Amino acid sequence: MHLTNAQSSLIVALIYLGFCLVELARTRFFAKAEQTRHDGIVEIVSTFTLTILTQPAILLAVGALGHRFFPQYEGALAHSPWYAALALFLVFEDMMQYWWHRASHSTAWLYNLHRAHHNARYMSVRLVYRNNLLYYAMMPSIWLAGALVYLGLGWFYAFYLIVKMLVIIGAHSDVAWDAPLYRIKALAPIMWVVERTISTPATHHAHHGRHADDPAVHYKGNFGNLLFFWDVLFGTAKITRHFPQSYGVENLPPATLGQQLLWPILPENKDMAAVIPGATPARAEAQAAVAAG
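Reading guide: rules and limits
- Residues numbered from 1 in each chain as written.
- Predicted model: local features only at pLDDT ≥ 70, side-chain atom pairs only at ≥ 80, totals over all residues.
- Heavy atoms only, no water.
- Phe/Tyr/Trp six-rings, centres within 6.5 Å; stacked < 30°, edge-to-face > 60°.
- Buried < 20%, exposed > 50% of the residue type's maximum accessible area, 1.4 Å probe, protein only.
- Salt bridge = Lys/Arg side-chain N within 4 Å of Asp/Glu carboxyl O.
- Helix = DSSP H or I, 4+ residues; strand = E, 2+ residues; numbered from the N terminus.
- Contact = heavy atoms within 4.5 Å.

Undergrad: Is there a simple way to explain the packing of aromatic side chains in this structure?
TA: What characterises a pair of aromatic rings is the spacing of the ring centres plus the angle enclosed by the ring planes. One pass over the full model with this rule turns up 19 aromatic pairs. When the centroid spacing of 5.5 Å and the interplanar angle of 75° are considered together, the rings of Y135 and Y136 count as edge-to-face. Residue Y135 shares its accessibility class with Y136, and that shared class is buried. Ring geometry for F229 versus W230: centroids 5.9 Å apart, planes at 55°, classification tilted. Residue class for W230 comes out buried when judged on its relative accessible area of 7%. Through a chain of ring-to-ring contacts, three or more aromatic side chains come together here, namely Y98, W99, F223, F229, W230 and F234.

Undergrad: For this particular structure, what's the right way to read the pattern of salt bridges?
TA: When the charged atoms of two side chains with opposite charge come close together, those side chains can pair. This model, assessed by the stated rule, comprises eleven salt bridges. The closest approach of N and O atoms between R130 and E43, which form a salt bridge, is 2.8 Å. In this pair, R130 is assigned in the loop between α4 (108-119) and α5 (133-137) and E43 in helix α2 (residues 37-69), connecting sequence segments 87 residues apart. Accessibility assignment for this pair places R130 and E43 in one class, buried. With its nearest N and O atoms 3.0 Å apart, the salt bridge here joins R196 to E195. The partly exposed category is assigned to R196, whose relative accessible area is 24%. Counted as one network, the salt bridges with shared partners bring together D39, E43, R126 and R130.

Undergrad: When you look at helix α9 (residues 201-208) in this model, what are you seeing that I'm missing?
TA: Two residues of an α-helix separated by three or four positions point the same way, owing to the 3.6 residues in each turn. Taking burial as the measure, the eight residues of α9 include eight buried ones, the bulk of the element. All of the buried residues in α9 are P201, A202, T203, H204, H205, A206, H207 and H208. Tucked into the core, α9 has its buried residues touching α3 (82-104), α4, α6 (140-172) and α7 (179-182).

Pasting the structure below:
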């Protein structure tokens, strides 16, 4: 069975919608704790930009470059066995995304491109595609995935993307599918393997935790996307099976809407005491207004 890119994208969209409906039924999907007026704007703009513009444009650009400079290699890997295709995507797509993500938490310049993803003070599938608009355009793993598609592995990429996005969407959801499974003793050996293989809500929520002194927080690690195994392999894993008390960014000035979406084209706020309308929860804005008045 072969899936087209359009069919694969539709299935991913349905998975995303399914998780949205679960959150809508079980949590406050449209009114998350400490939500700000900027949050929805950042999420809508970045989600549609990536899925409708950035990712398709990269695939088209890689194909055009391949036709121009490497026409002899088009489809060269089309008859590769599935396990070879899987290995190539895990290394050149998923592992490369791990290193890109890790680098984004290691250098101030890249973190400014990634900060929008962590600026939200909640967890939700709404965060899956939330990032600076330039972050994904520069992401090496998307370009490398495009190269593998040009080499003839598009048939595998369609399936791979469905599985990867299922894991990533599930890991961001605030309806933690793994939490009840940890309490079932018979599943203990299976969950031990699962949480060291793929990203789960517990391990990924730890990466989004706000305060470093929270034992369940590990925002300087747990970088994996599909495979959490990269964190285990490269020494950045922390597994607690607990969830952070709060989420977001600590010890940084509030970010403006423009900064979240288009830094460095739009400037970074460096004023710790700045009061930016729309960047803080409504209650915090009201308290600041009372204090100022």
